[in-house]
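Structural overview
Listed here are the chains, written in short residue letters.
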Amino acid sequence: MADPAGSPTRPPDIVAVPVRHPGRWVAIAALAVLAAMLVNSLLTNPRFGWPVVWEYLFSPPILAGLRNTIILTVLSMIIGIVGGVALAVMRLSPNPVLSSVAAGYIWLFRGTPLIAQLLFWNFLGALYPRLSVGIPFGPEFASIETKTLISVFVASLLGLGLNEAAYMAEIVRAGIQSVDPGQAEAAGALGMSRPQALRRIVLPQAMRVIIPPTGNETISMLKTTSLVVVIAYSELLTSAQRIYSANFQVIPLLIVAAIWYLALTSLLTVGQSFLERRFGRGVTPDVTGPRLLRRARTTTASPASPASPATSPSPAATVPTEEETR
């Protein structure tokens, strides 16, 4: 359009109206009311016993149980991860004997309750009073009483670690199978043996798939250690139970245990996120909100790029003129 003088007229600006989301605001208001009610209940209900919580949060019995929980979690996961890798390799072995043994182990330990396994290891002395090393149907070289060898701590470790190995075997197997078989074939073409290819080529690539469920298993193991109470081993929750059985402050002592479990779980979650980023470099795209938004703004504000070589006419694609053909 043009005015009577002939100069162009600027079109009116477009008024953009943002999309309304009334449901979001209603949900936020409802959540805010519930959060305020929860905070009010936590601060005003004397039955939570916050003075008792702060009194026992760093008490020696609680810290001793916390130390035993951490030790059990770390050692059990080490046994589980090492055993899981070995079982996964056996499960994928072309040797039918190794594959069958691994499958039978996984079937047995995943098919029986963990509490039953803990009780079995604790009462192994009832089945074998003495454990010996020697020649079958021949002389014994050394022997020891089962109760002396398998203490309550060792029984807890065997029950938790060997059970975890069965679950880790399936996690590691899934990670190995997620790697392109051509990777192992290329390693074999370069002269690597099967163990070398597995250690140097396959497992490093499979870690991207293995780490997330392994982090979940570690967090689950942290809380599963409370089951050792059935064989009278003292860990965090058992220590809290012994205290509230004497002073009858059940809720405050359970809050103490929950605080420590939440703190350890938060640390494990941070470590899992770091490992996932570390082994996912070059594969997982960066889709974080602020960085993606900043990248989009940079792309929008950048000037138009010159024509790429693929779009510009190349000399080979130019049609020759009649004079050039002569």
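Cut-offs applied
- Residues numbered from 1 in each chain as written.
- Predicted model: local features only at pLDDT ≥ 70, side-chain atom pairs only at ≥ 80, totals over all residues.
- Heavy atoms only, no water.
- Axes fitted to C-alpha atoms, helices over the stretch in contact; angles between N-to-C directions.
- Helix = DSSP H or I, 4+ residues; strand = E, 2+ residues; numbered from the N terminus.
- Parallel < 35°, antiparallel > 145°, perpendicular 65-115°, else oblique.
- Left-handed = near helix turned anticlockwise from the far one by under 90°.
- Contact = heavy atoms within 4.5 Å.
- Nonpolar A, V, L, I, M, F, W, Y, C, P; charged D, E, K, R; others polar.
- Salt bridge = Lys/Arg side-chain N within 4 Å of Asp/Glu carboxyl O.
- Buried < 20%, exposed > 50% of the residue type's maximum accessible area, 1.4 Å probe, protein only.
- pLDDT = per-residue confidence, 0-100.
- Expected span 1.5 Å × (residues − 1).
- Polar contact = N/O pair within 3.5 Å; in protein donor to acceptor, adjacent residues only side chain to side chain.
- Patch = residues over 30% accessible without salt bridge, like charges linked within 9 Å, V, L, I, M, F, W, Y side chains within 5 Å.
- Areas by Shrake-Rupley, 256 points an atom, 1.4 Å probe, with all protein chains shown as cover.

Considering the packing of helix H3 (residues 60-91) against helix H12 (residues 250-279)
- Where H3 contacts H12, the axes come no closer than 12 Å and their chain directions differ by 40°. Accordingly, the angle class assigned to the pair H3 and H12 is oblique. Where H3 crosses over H12, the handedness of that crossing is right-handed. Only Leu 253, Val 256, Trp 260, Tyr 261 and Leu 264 of H12 make contact with H3, whose side of the interface consists of Ile 62, Leu 63, Leu 66, Thr 69 and Ile 70.
- Of the residues contributing to the contact of H3 with H12, the split by class is nine nonpolar, one polar and no charged.

Some details on the pattern of salt bridges
- Across all of its chains, the model carries one salt bridge by this definition.
- Between Glu 170 and Arg 173 there is a salt bridge, and its shortest N-O distance comes to 2.7 Å. Taken as a pair, Glu 170 and Arg 173 lie in helix H8 (residues 152-177) at a separation of three residues, close to a single helical turn.
- The exposure class assigned to Glu 170 is buried, which follows from its relative accessible area of 19%.

Side note on the confidence of the model for the protein
- Overall, the predicted model of the protein reaches an average pLDDT of 83, with 84% of residues at or above 70.
- Confidence over residues 298-326 falls short of pLDDT 50; this stretch has one contact with residues more than four positions distant or in other chains.

So, helix H11 (residues 236-247)
- For H11, with 12 residues, the first-to-last C-alpha span of 17 Å sits near the 16 Å given by 1.5 Å per residue.
- Buried-residue contacts for H11 involve helix H2 (50-56), H3 and H12.
- With a side-chain oxygen lying 3.1 Å from the backbone nitrogen of Leu 237, the N-terminal cap of H11 falls on Glu 235.
- Looking one or two residues beyond H11, the residue adopting positive phi is Phe 248, at roughly 65°.

Topic: a nonpolar patch on the surface
- A surface patch of nonpolar side chains, about 470 Å² in accessible area, is lined by Ile 70, Ile 71, Val 74, Leu 75, Ile 78 and Val 82.
- Along the chain, Ile 78 turns up in helix H3.

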